[in-house]
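Residues per chain, in single letters:
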Amino acid sequence: MKLLGILVGCAVAALAASNDTVLIHNADVYPVTGAPMKGVSVLVQDGKIADIGPKIVAAKGVHVVEAKGLRVYPGMLDSGTELGLSEIGAVRETVDTGELGEFMPQLRALIAVNPESEHFPVVRVNGITSVMTFPSSGGRGGGGGRFGGGEQQMISGQAALIHTDGWTWEDMEINRSAAMHLIFPSIAGRGGRGGGGPAPDSTVLELFGGAGAGSYTAARRAYEQQIAKINDFFDDARKYMKAKAANAPGFQRDLKFEAMIPVLERKMPVAVSASRASTIHDAIAFADKQNIKIVILQPRELGKAAAELKEKNIPVILGRVLALPETEDGAYDEAFTLPAEAYKAGVKFAFGTFNNEFVRNLPYQAATAVGFGLPYEEALKAVTINPAEIWGVSDRVGSVEKGKVADLMVTDGDPLEIQTQVKYLYIKGKEIALTNKQTRLYEKYMSRQ
Amino acid sequence: MTKAKLLWAALIAIAPLGAETFVIKNATVMTVTRGTFKGSVVVKDGKIADMGETVATPAGATVIDGTGQYLIPGIIDCHSHIAADGGINEGSVSVSSMVDIRDVINPEDIAIYRALAGGVTTANILHGSANAIGGCTLPLKMRWGKDAQGMIFEGATPGIKFALGENPKRAGNPQGGRGGAATVQARYPATRMGVEDTIREAFNEAKAYKADWDEYNAKVARGEHPIPPRKDLKLEPLKEVLEGKRFVHAHCYRADEILMLLRVADDYGFKIRTLQHVLEGYKVAKEIAAHGAGASTFSDWWSYKAEAFDAIPYNAALMTKKGVVVSLNSDDAELMRHLNSEAGKAMKYGGMSETEALAMVTLNPAKQLGIDNRVGSIEVGKDADLVLYDKFPLSDYAKVQKVLIDGTVYFDRDKEVSGRPAKQAEKQKLIDKEKQNQQRQQPRGGRATQGGQGE
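Thresholds, definitions, all that
Residues numbered from 1 in each chain as written. Chains lettered and ligands numbered in written order. Predicted model: local features only at pLDDT ≥ 70, side-chain atom pairs only at ≥ 80, totals over all residues. Heavy atoms only, no water. Helix = DSSP H or I, 4+ residues; strand = E, 2+ residues; numbered from the N terminus. Rg over C-alpha atoms; globule rule 2.2 N^0.38 Å. Buried < 20%, exposed > 50% of the residue type's maximum accessible area, 1.4 Å probe, protein only. Contact = heavy atoms within 4.5 Å. Areas by Shrake-Rupley, 256 points an atom, 1.4 Å probe, with all protein chains shown as cover. Core = buried A, V, L, I, M, F, W, Y, C linked by side-chain atoms within 4.5 Å. 1 Å grid on protein atoms, 1.4 Å probe; cavity = no way out; pocket = protein on both sides within 12 Å on 5 of 7 lines; lining within 4 Å. Points joined across faces, edges and corners; volume = space filled by probe spheres on them. Patch = residues over 30% accessible without salt bridge, like charges linked within 9 Å, V, L, I, M, F, W, Y side chains within 5 Å. Salt bridge = Lys/Arg side-chain N within 4 Å of Asp/Glu carboxyl O. Pairing = 2+ DSSP bridges. Axes fitted to C-alpha atoms, helices over the stretch in contact; angles between N-to-C directions. Phe/Tyr/Trp six-rings, centres within 6.5 Å; stacked < 30°, edge-to-face > 60°. Parallel < 35°, antiparallel > 145°, perpendicular 65-115°, else oblique. Left-handed = near helix turned anticlockwise from the far one by under 90°. Nonpolar A, V, L, I, M, F, W, Y, C, P; charged D, E, K, R; others polar. Disulfide = S-S within 2.5 Å. Buried area = accessible area lost by both parts, 1.4 Å probe. Polar contact = N/O pair within 3.5 Å; in protein donor to acceptor, adjacent residues only side chain to side chain.

J.: Can you walk me through the overall build of chain B in this structure?
T.: A count of helices and strands for chain B gives 14 helices and 16 strands. For chain B, the C-alpha radius of gyration of 24 Å lies close to 23 Å, the compact-globule estimate for 455 residues. Seen through its principal axes, chain B has C-alpha atoms that stretch 70 × 60 × 55 Å. When the 455 residues of chain B are sorted by exposure, 58% land in the buried category.

Given below as structure tokens:
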């Protein structure tokens, strides 16, 4: 008996070691980039999607997953998280977002990702296979250290696109410097979401704000000074870049400016937290002036900025759809309808949850957007192929296509519907156990007599 | 209130229609207690008058076409802090039972209208969690447009908030907790041990106080003329707890503190009506069920603080399976607007049936608040608190179309949407008028600074 156990163990191990090829057999495949295919199979080999078709025959030893009635989708991508950097929101020792310092482009979120974070397995069971992880929450207390006591951040560092599984952060990496994070100033408070709660629009501020200290006029002046400061930093970085290229005498390496070079060369986009239409407009003007590529993060209104975004092909990462109106007299559903508004204006967008706790609800925020007017296919794209394109990795992830990385979820229904369960999950072709701290606690305490 | 706030308040008021007779026809009616059927519901004099696959339409009734839509009982949120005008925490003392939410109800809080738009018809408005024993609480109906008195759920048993764990001990922490308020003088308790002691000390006093009153009342009953004991506004609500006249709603997270409170209540002979948040309730579900406490929890919140790190989304389902009456609450003006889809999560995590899940935001919170004779399900004779959704309601695809409270339409999405241009125009008119006023008053510019801009 014991011998048999050892023999079986050896056989399984040998199989696993020699061949991690999987055939997902007879499923309905939703590639997102093309029409759904009913009753086809997906061959996963060497971490990639090797083939998709109705008549793939599994070679000997290939693990076959019978998926009749199940659906295959690309794994979902959340474009706004702090995953791996923040474990327990209120416990400072477990939070690594929001470094001190105003301009910190040299900081890299990637290297602070804890692969053993309990959040990764929690979001995986809901089909999230990759995330953008940011060095700052960009609004929710982000900047100057999330726990207070520093200067407000302008540039918080480099956001990384990572898989939600891997042995090390290098192993998890998809794009280590997917974006530079800039928290654009705003008149009614700072940051992507206006810091301290809803702020009235500028018309009302101008009207009732007076002219003294703390007035609209003073706030406007402070705002313009901050923008000038950011421009100065970019100008200095450009001078540095030129000095370096010219091998100027006395040139000294500067890590901050060094980190800015890919931005100035338009190789790395700047993810700009900007919530109001007027701020977005100013951010676009800034990007034009500095000749940089930008992505707008967490807008709360688009208004007239929508046309500009479309015209200049600037994509947007929409924050939580399930959010309260920004102002007391805002329409109750203004956040619910914002994705539909972006879509109608022709603005390219993806979704982000911007709170680790709610990353697993990414598909449900997309569903709310559908309830309030966004076409279903667009919602699905906004959690798969759109973010892959926005973050420059659509050649690798974001759809079910031959040759792409096998980040796949196999579900028993529409992935945006709450009741749907993820039955199998693959990240880089590896089958992921759909368990986590929470499922273990559930089983443990269900069995308590 | 600033001019700006007044201006907004003027803009947001939407007067509800008067109570009419309605027939909601051809909807999928999810009654919670009487199954789900395709049919109609008759609403008359503020109550559900009739329901079934076919009903007789009373003369003069307004017909609401529910074809393809879903009708559910009004959603009840067992834990909310809206409409309380910032009066959430009296944090200076560890026992603040002398304060009452009743005194700070703000019927003009826009959160009420937004909650309505999310299908909420009743909410339990609680004091905050800064004190081991907090303030008095009460449920409100979301009767937007009524005054503070008109909001109160008439006849409902009042409550009192308790709080265990990190929040009540924070004020006693020399580090000052999250905000780093090191300058504030420390307040007992600073540990979970101290929280238990604080509650025991209070009930020790309350028991003696009650004994004094019982003795006095006994003497009066015997025809004697004793001097009454001095009325104590702190102990009076605790005496009511001991008498079962006031419900305890206890904020708690960890299994240890939950068990502690149940044992304290056992010792002093009172009941915990609901455990609020109760994120580790799944670990002591057996003890909760044995005590008879209800549990009002979040669907899937976790990890925001240390005591929320063992939270599991299966909590609601597990406690239900172990015999606890479970509701899902919001504690949040935003989450409050989609408790319907929060209930859907109980189906995903732990396999609750449609009815079990829907009950978690309707019938079960009604039971926990002792108002299930009036609300929480669609039954003839119950209050006509109803929500009509365009799609299957336990999903984020669904949106609220109409909300009735006491048979009156308080939210109508069509009217809300079609009324927006007029509201926008009215706002613009008010802004223009204010601009003109300012120009007239300050011909030479340099106007005085307005105090109290915003909040």
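So, next bit.
J.: Sorry, what's going on with the overall build of chain A here?
T.: Summing up its helical and strand segments, chain A has 13 helices and 16 strands in all. Counting across all 449 residues of chain A, residues that qualify as buried make up 59%. Put simply, 70% of the contacts in chain A that link residues at least 6 apart link residues at least 24 apart. Put simply, chain A shows about 17,800 Å² of open surface, and 53% of that area lies on carbon and sulfur atoms.

J.: Can you help me understand the nonpolar core in this one?
T.: Core analysis: the largest hydrophobic core is formed by 187 residues, its most contacted members being Phe351 of chain A together with Phe203 and Leu275 of chain B. No other element matches helix 5 (residues 216-245) of chain A, which puts nine residues into this core. If we ignore the near neighbours within four places in the chain, the residues touching Leu275 of chain B are Ala250, Cys252, Ile258, Leu261, Leu262, Ile288, Ala293, Gly294, Ala295 and Ser296 of chain B. Counting 20 residues, the second-largest nonpolar core is a separate cluster that includes Leu161, Phe354, Trp391 and Val393 of chain A.

J.: I tried to follow empty space enclosed by the protein on my own but got confused; where do I start?
T.: Taking a probe equal in size to a water molecule and rolling it over the atoms shows the remaining empty space. Scanning the entire structure with this criterion turns up nine cavities of 30 Å³ or more. Estimated volume of the largest cavity: approximately 160 Å³. Phe336 and Phe372 of chain A together with Arg337, His338 and Ala398 of chain B are the residues nearest the centre of the largest cavity, which is lined by 18 residues in total. Going through the elements one at a time, helix 2 (110-117) and helix 10 (339-348) of chain B are the ones with two or more residues in the lining of the largest cavity.

J.: So what exactly am I meant to see when it comes to a nonpolar patch on the surface here?
T.: Residue and element names in this part refer to chain B. Together, Val93, Met98 and Leu233 line one region of the surface with nonpolar side chains, adding up to about 260 Å² of accessible area. Within the secondary structure, Leu233 is located in the loop between helix 5 (192-221) and helix 6 (235-242). Residue classification places Leu233 among the exposed positions, given a relative accessible area of 60%.

J.: Looking at this structure, how should I read the pattern of salt bridges?
T.: Oppositely charged side chains may form a pair once their charged atoms are brought near each other. Scanning the entire structure with this criterion turns up 60 salt bridges over all chains. In this structure, the salt-bridge partner of Arg420 of chain B is Asp333 of chain A, at a minimum N-O distance of 2.8 Å. Here Arg420 of chain B is found in helix 14 (residues 420-441), whereas its partner Asp333 of chain A is found in the loop between strand 12 (316-318) and helix 9 (334-344) on a different chain. Between Asp310 of chain B and Lys283 of chain B there is a salt bridge; the shortest N-O distance is 2.7 Å. Residue Asp310 of chain B is found in the loop between strand 12 (294-297) and helix 9 (315-321), and its partner Lys283 of chain B is found in the loop between strand 11 (274-277) and helix 8 (285-291); the two are separated by 27 residues along the sequence.

J.: Would you mind going over the sheet that holds strand 13 (residues 326-328) of chain B with me for this structure?
T.: Strands belonging to one sheet form pairs held by backbone hydrogen bonds; the direction of such a pair is parallel or antiparallel. All names here are of chain B. Sheet architecture is open: eight strands sit in the order 6-7-8-9-10-11-12-13, paired in mixed fashion. Bordering the open sheet on either side are strand 6 (75-80) and strand 13, each of which pairs with just one other strand. Sheet twist, expressed as the mean angle between neighbouring strand axes with direction ignored, is 25°. Summarising the sheet, strand 11 and strand 12 pair through three bridges and their orientation is parallel. Counterpart to Gln276 in the pairing with strand 12 is Ser296.

J.: I'm lost on the packing of aromatic side chains in this one. Help?
T.: Each aromatic ring pair is described using two quantities: the centre-to-centre distance and the angle formed by the ring planes. Summed over all chains, the structure comprises 29 aromatic pairs over all chains. Between Phe358 of chain A and Trp301 of chain B, the ring centres sit 6.1 Å apart and the planes meet at 75°, which makes this aromatic pair edge-to-face. Taken together, the residues span two chains, with Phe358 of chain A in the loop between strand 13 (349-351) and helix 10 (362-371) and Trp301 of chain B in the loop between strand 12 and helix 9. Both residues of the pair, Phe358 of chain A and Trp301 of chain B, count as buried. Between the aromatic rings of Tyr253 of chain B and Tyr304 of chain B, the centroid separation amounts to 6.3 Å while the plane-to-plane angle is 70°, which identifies the pairing as edge-to-face.

J.: Explain helix 6 of chain B here, please?
T.: Since the α-helix turns once every 3.6 residues, residues separated by three or four places project in the same direction. Residue and element names in this part refer to chain B. Most of helix 6 sits inside the fold, with seven of its eight residues counted as buried. Listed in full, the buried residues belonging to helix 6 are Leu235, Glu236, Pro237, Leu238, Lys239, Val241 and Leu242. Considering only its buried residues, helix 6 is in contact with strand 8 (133-141), strand 9 (159-163), helix 5, strand 10 (247-252) and helix 7 (255-268). Directly after helix 6, the chain includes Gly244, whose backbone phi takes a positive value near 75°.

J.: Can you help me understand the packing of helix 5 of chain B against helix 7 of chain B in this one?
T.: Two numbers describe a pair of packed helices, the interaxial angle and the distance between the axes. All names here are of chain B. In contact at an axis separation of 11 Å, helix 5 and helix 7 are set at 15° when each is read in the N-to-C sense. Between helix 5 and helix 7, the interaxial angle falls into the category roughly parallel. Between helix 5 and helix 7 lies a crossing whose hand is right-handed. Contacts between helix 5 and helix 7 involve Arg192, Val195, Glu196, Ile199, Arg200, Phe203, Asn204 and Lys207 from the first element and Asp256, Glu257, Met260, Leu261, Arg263, Val264, Asp267 and Tyr268 from the second. Residues that form the contact of helix 5 with helix 7 fall into these classes: seven nonpolar, one polar and eight charged.

J.: Would you mind going over the state of the cysteines with me for this structure?
T.: A covalent bond bridging the sulfur atoms of two cysteines is what the word disulfide describes. A complete count under the given rule lists zero disulfides over all chains for this structure. As a non-bridged cysteine, Cys78 of chain B has Cys252 of chain B as the owner of its nearest cysteine sulfur, 12 Å distant.

J.: I tried to follow the packing of helix 5 of chain A against helix 6 (residues 255-264) of chain A on my own but got confused; where do I start?
T.: All names here are of chain A. Orientation of helix 5 relative to helix 6, taken along the N-to-C sense of each, is 90°, at an axis distance of 9 Å. One element, helix 5, and the other, helix 6, form an angle in the roughly perpendicular class. Contact residues: Phe233, Phe234, Asp236, Ala237, Arg238, Tyr240, Met241 and Lys244 in helix 5; Lys256, Phe257, Glu258, Met260, Ile261, Val263 and Leu264 in helix 6. Residues that form the contact of helix 5 with helix 6 fall into these classes: ten nonpolar, no polar and five charged.

J.: Looking at this structure, how should I read the interface of chain B and chain A?
T.: Counting residues at the interface gives 63 residues for chain B and 60 residues for chain A. Counting each side, the surface lost to burial between chain B and chain A is near 5,900 Å², with a carbon and sulfur contribution of 58%. Sorting the residues of chain B by area buried against chain A places Trp302, Lys348 and Tyr397 of chain B first, and these three jointly supply 14% of that buried surface. Connecting chain B to chain A are five salt bridges. Across the contact surface, chain B and chain A share 30 residue pairs in polar contact (both at pLDDT 80 or more). Among the secondary structure elements, those contributing two or more residues to the side of chain B that touches chain A are helix 1 (3-12), helix 2, helix 8, helix 9, helix 10, helix 13 (413-418) and helix 14 of chain B.

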